[in-house]
Amino acid sequence: MQERKFIIKIYKDYDWEIKLKTLSDYSLYPELQLEIFAIERQTSDRKIVYLFDATIEEDYILLVKEDDRFKEECTFEIMIDDGSGEESNSSVEGTFIDALEYIKKEFSDE
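The present account deals with the structure reproduced in this document. Quick caveat, the model's predicted, so the values are computed rather than measured.

1. Thoughts on the overall build of the protein
- Looking only at helices and strands, the protein has 2 helices and 7 strands in total.
- In the protein, the order of α-helices and β-strands from amino to carboxyl end is β-β-β-β-α-β-β-β-α.
- In terms of C-alpha radius of gyration, the protein reaches 13 Å, essentially the compact-globule figure of 13 Å for 110 residues.
- Seen through its principal axes, the protein has C-alpha atoms that stretch 40 × 30 × 25 Å.
- Counting across all 110 residues of the protein, residues that qualify as buried make up 47%.
- Restricting the contact set of the protein to residue pairs at least 6 apart, pairs at least 24 apart contribute 54%.
- Accessible surface for the protein amounts to roughly 6,300 Å². Of this, 46% is attributable to carbon and sulfur atoms.
- If the 14 positive side-chain charges of the protein are averaged to one point and the 29 negative ones to another, these points end up 5 Å apart.

Below is the structure:
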């Protein structure tokens, strides 16, 4: 099975999102039912398509480590906007847990 591809967008002074690269409208998908992120969506077969929040807490990461949906191996393209425009880094492979850890590190570097 081919890995799904996502974009991580980090707006250093505001918020972050992880979205399926082909996603056009997250509101068409049901909630994850975790209620830890501002917006969290999944497919009907429980695959993550979108996560969004203004912060990232260690408690969030600890909770998702127990959830198999966050252990899926994917490819993530990282885009960081530090206020001067978006900069695209090379793609990385990992799990959603890895992606959230990366976002947490970027926010703590402020």
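Next, the rest of the story.
2. Quick notes on the nonpolar core
- Counting 30 residues, the largest nonpolar core has W16, I18, F37, F70 and L100 as its most contacted members.
- The set of elements that each furnish at least two residues to this core consists of β1 (4-11), β2 (15-20), β4 (48-53), α1 (58-64), β5 (74-81) and α2 (96-108).
- Those residues in contact with F70 that sit more than four places away from it in its chain are L32, L34, F37, I48, L51, V64, T95, F96, I97 and L100.

3. Here we look at the side chain of E77
- Assignment of secondary structure puts E77 in strand β5.
- On the basis of relative accessibility, which here comes to 18%, the residue E77 falls in the buried class.

4. Re the pairing of β4
- With 5 of 6 residues buried, β4 lies mostly within the body of the structure.
- Looking at chain direction, β2 and β4 are connected through 4 bridges and run antiparallel. Paired with I18 across the bridge in β4 is L51.
- For strand β3 (residues 39-42) and β4, the ladder comprises 4 bridges, and the chain directions are antiparallel. Bridge assignment links I39 to a residue of β4, and that residue is F52.

The rules behind the values
Residues numbered from 1 in each chain as written. Predicted model: local features only at pLDDT ≥ 70, side-chain atom pairs only at ≥ 80, totals over all residues. Heavy atoms only, no water. Helix = DSSP H or I, 4+ residues; strand = E, 2+ residues; numbered from the N terminus. Rg over C-alpha atoms; globule rule 2.2 N^0.38 Å. Buried < 20%, exposed > 50% of the residue type's maximum accessible area, 1.4 Å probe, protein only. Contact = heavy atoms within 4.5 Å. Areas by Shrake-Rupley, 256 points an atom, 1.4 Å probe, with all protein chains shown as cover. Lys, Arg positive; Asp, Glu negative; His and termini not counted. Charge placed at Lys NZ, Arg CZ, Asp CG, Glu CD. Core = buried A, V, L, I, M, F, W, Y, C linked by side-chain atoms within 4.5 Å. Pairing = 2+ DSSP bridges.

This is a description of form; function is not addressed.
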